[in-house]
Amino acid sequence: MLHLPIALAIGAIIPIQTAANSRLRLSVNNKPVVPALISFSIALLLSILATTVLTGNPLPQFAPGTHAPWWVWLGGLMGSFFVLGNILLFPKLGAVQTVVLPILGQIIMGLSIDHFGLFHSPQTQVGALRILGAVVVLAGIVVTLGMGRKTVVGDAEGAEVWLYRLIGVGVGMCSSIQAAVNGYLGTIAGSSLHAAEINLAVGAVLLLATVLVTSPKQLTRKVEPGPWWMWLGGVVGAIFVIGGATLVPVLGTATTVIAFNAGTIVGGQVMESVGAFGARKTPIDATRALGLAVIIAGVLAVRLL
């Protein structure tokens with residue numbers, strides 16, 4: 001039964017992706033889109049390699065006559081928003097908030113997708129218990145972030161903090177849309193690995209186009225030296241995509257997502273408590289530990305009830 005610990009471990013390294021991409025931003029003239037492009041490009045190359053090894057054919061296997069809805073290409077767009085959003089949020093909100101706020105967005109959008117059957121997802125009635133779970137998550141976030149204390153976090157303060165927190169929730173919504181779209185794409189593209197490959201390719205192309213418009217000179221400039229771990233963003237992204245594709249058939253989608261979320265929450269807190277990977281060092285206290293426990297309980301309720 002090593003699959004569940006592996007899922008938890010993969011979730012725990014997700015905050016490293018955010019930290020790595022944020023540090024890489026400093027080495028590319030503080031252009032946030034450039035590290036996102038580098039991260040997607042590395043993840044795409046690793047995904048192509050993994051797909052080739054695991055399936056024997058890196059090319060998507062669309063059946064003849066298959067009609068793909070226009071929104072199947074949204075996965076790459078949503079994924080690029082997720083990575084870019086985390087790069088922007090990390091220096092403003094710190095590791096813990098950058099991790100937990102998107103979880104609220106994931107749950108809100110996830111419940112909406114389930115309830116309305118969006119993106120050809122199986123329609124599942126959202127009952128009072130699952131809504132209660134979402135409320136529990138919100139309560140846990142309030143406790144973890146200490147909403148009653150002075151609103152100063154990282155480089156942002158006052159009303160600006162709330163704007164970035166709202167962006168964090170939106171980033172999580174993008175993540176849920178990405179998962180739902182890729183879930184359907186995997187059924188028509190040959191496998192979830194091929195769907196992930198398409199997702200990363202679309203995201204890389206969109207980010208490249210954005211870089212060409214906003215900061216084309218940066219593509220010809222040498223990346224400034226920095227810590228070795230600033231290159232880990234794409235590696236972690238590929239591990240996340242490949243891990244999800246491998247574990248979902250074994251553990252099921254709900255259990256895999258629960259494990260990823262739980263691991264991510266714990267990993268983000270550990271990173272911030274010791275100041276690893278450039279995170280602002282914030283030792284854990286009893287209140288924050290309680291808030292994290294409540295968040296995990298709420299995630300479990302939303303996914304299992």
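Conventions we followed
For every chain, the first residue of the written sequence is number 1, and numbering continues from 1 along that sequence. Confidence filtering applies because this is a predicted model: local features only for residues at pLDDT of at least 70, side-chain atom pairs given and counted only at 80 or more, and all residues used for totals across whole chains, interfaces and linings. Water and hydrogen atoms were dropped before computing side-chain values, which therefore reflect all heavy atoms in the structure. Starting at the N terminus, helices and strands are each numbered in turn, a helix being any DSSP run of H or I of at least four residues and a strand any DSSP run of E of at least two. Residue burial is assigned from relative accessible area. The probe radius is 1.4 Å, only protein chains are included, and a residue is buried under 20% of its type maximum, exposed over 50%, and partly exposed in between. A contact between two residues is defined here by any heavy atoms of the two lying within 4.5 Å. UniProt positions are given in the numbering used here, feature names are shortened, and annotations may be inferred rather than shown by experiment. Note on method: axes are straight lines fitted to C-alpha atoms, helices fitted across the in-contact stretch only, with angles between N-to-C directions ranging 0 to 180 degrees. Roughly parallel means an angle under 35 degrees; roughly antiparallel means over 145; roughly perpendicular covers 65 to 115; every other angle is labelled oblique. When the near helix sits turned anticlockwise from the far one by under a right angle, the crossing is termed left-handed; a clockwise turn instead gives a right-handed crossing. Amino acids outside the nonpolar list (Ala, Val, Leu, Ile, Met, Phe, Trp, Tyr, Cys, Pro) and the charged list (Asp, Glu, Lys, Arg) are all regarded as polar, and Gly is one of them. By this rule the span expected of a helix is its residue count minus one, scaled by 1.5 Å. Stacked, edge-to-face and tilted labels apply to pairs of Phe, Tyr and Trp rings (six-membered ring for Trp) whose centres lie within 6.5 Å, assigned for plane angles under 30 degrees, over 60, and everything in between, in that order.

Participant: Which parts of the structure should I look at to understand the environment of Ala-12?
Facilitator: Within the secondary structure, Ala-12 is located in helix α1 (residues 3-26). Ala-12 gets classed as partly exposed once you look at its relative accessible area, which sits at 29%. The spatial distance from the C-alpha of Ala-12 to the C-alpha of Ala-259 is 9.3 Å, given a sequence separation of 247 residues. Aside from chain neighbours lying at most four places away, what touches Ala-12 is Gly-263, Thr-264 and Gly-267.

Participant: I'm lost on the UniProt feature "transmembrane region" (unreviewed entry) in the protein in this one. Help?
Facilitator: As recorded in UniProt, the feature "transmembrane region" (unreviewed entry) lies at residues 34-56, 68-89, 95-116, 128-147, 162-186, 198-216, 228-251 and 286-304. Between the end C-alpha atoms of residues 34-56 there is a gap of 32 Å, over a span that is 96% helix and 0% strand.

Participant: What is the right way to look at the packing of α1 against helix α2 (residues 33-55) in this model?
Facilitator: Describing two packed helices takes the angle between their axes plus the distance from one axis to the other. It is the contact of α1 with α2, at a shortest axis distance of 8 Å, that shows an interaxial angle of 130°. Accordingly, the angle class assigned to the pair α1 and α2 is oblique. Of the two elements, α1 crosses α2, and the hand of that crossing is right-handed. Contacts from Gln-17, Asn-21, Leu-24 and Arg-25 of α1 reach α2 at Pro-35, Ile-38 and Ser-39. Residues of the contact of α1 with α2, tallied by class, amount to three nonpolar, three polar and one charged.

Participant: What am I meant to see in helix α5 (residues 159-189) here?
Facilitator: For the α-helix, the turn length of 3.6 residues means that residues three or four positions removed from each other point alike. Taking 1.5 Å of rise per residue, 31 residues should cover 45 Å, and α5 covers 44 Å from first to last C-alpha, within 8% of that figure. Just downstream of α5, Gly-190 is the residue with a positive phi angle, here 115°.

Participant: Would you mind showing me how to read the packing of aromatic side chains here?
Facilitator: Each pair of aromatic rings is reported with the distance of its centres and the angle of its planes. Scanning all chains against the criterion turns up three aromatic pairs. Note on Trp-71 and Tyr-184: the rings are 5.3 Å apart at their centroids and 50° apart in plane angle, and the pair reads as tilted. Of this pair, Trp-71 sits in the loop between α2 and α3 (74-116) while Tyr-184 sits in helix α5; the two residues are 113 residues apart in sequence, bridging distant segments of the chain. There is no split in this pair, since Trp-71 and Tyr-184 are both buried. With 5.5 Å between their ring centres and 90° between their planes, Trp-229 and Phe-277 make a pair best called edge-to-face. Here Trp-229, found in the loop between α6 (192-214) and α7 (232-251), pairs with Phe-277, found in the loop between α8 (253-274) and α9 (286-304); they are 48 residues apart in sequence, far enough to count as distant.

Participant: Help me out: how do you make sense of the side chain of Thr-51 in this one?
Facilitator: With respect to the secondary-structure elements, Thr-51 resides in helix α2. Discounting residues that sit within four places of it in the chain, Thr-51 has contacts with Gly-56, Asn-57, Pro-58, Leu-193, His-194 and Glu-197.

Participant: Help me out: how do you make sense of unusual backbone geometry in this one?
Facilitator: Here the phi dihedral of Asn-30 falls at roughly 60°; this positive angle occurs in a residue that is not glycine. You can see Asn-30 is positioned in the loop between α1 and α2. The phi dihedral of Phe-119 is positive, around 55°, even though this residue is not glycine. In this structure, Phe-119 sits in the loop between α3 and α4 (128-145).

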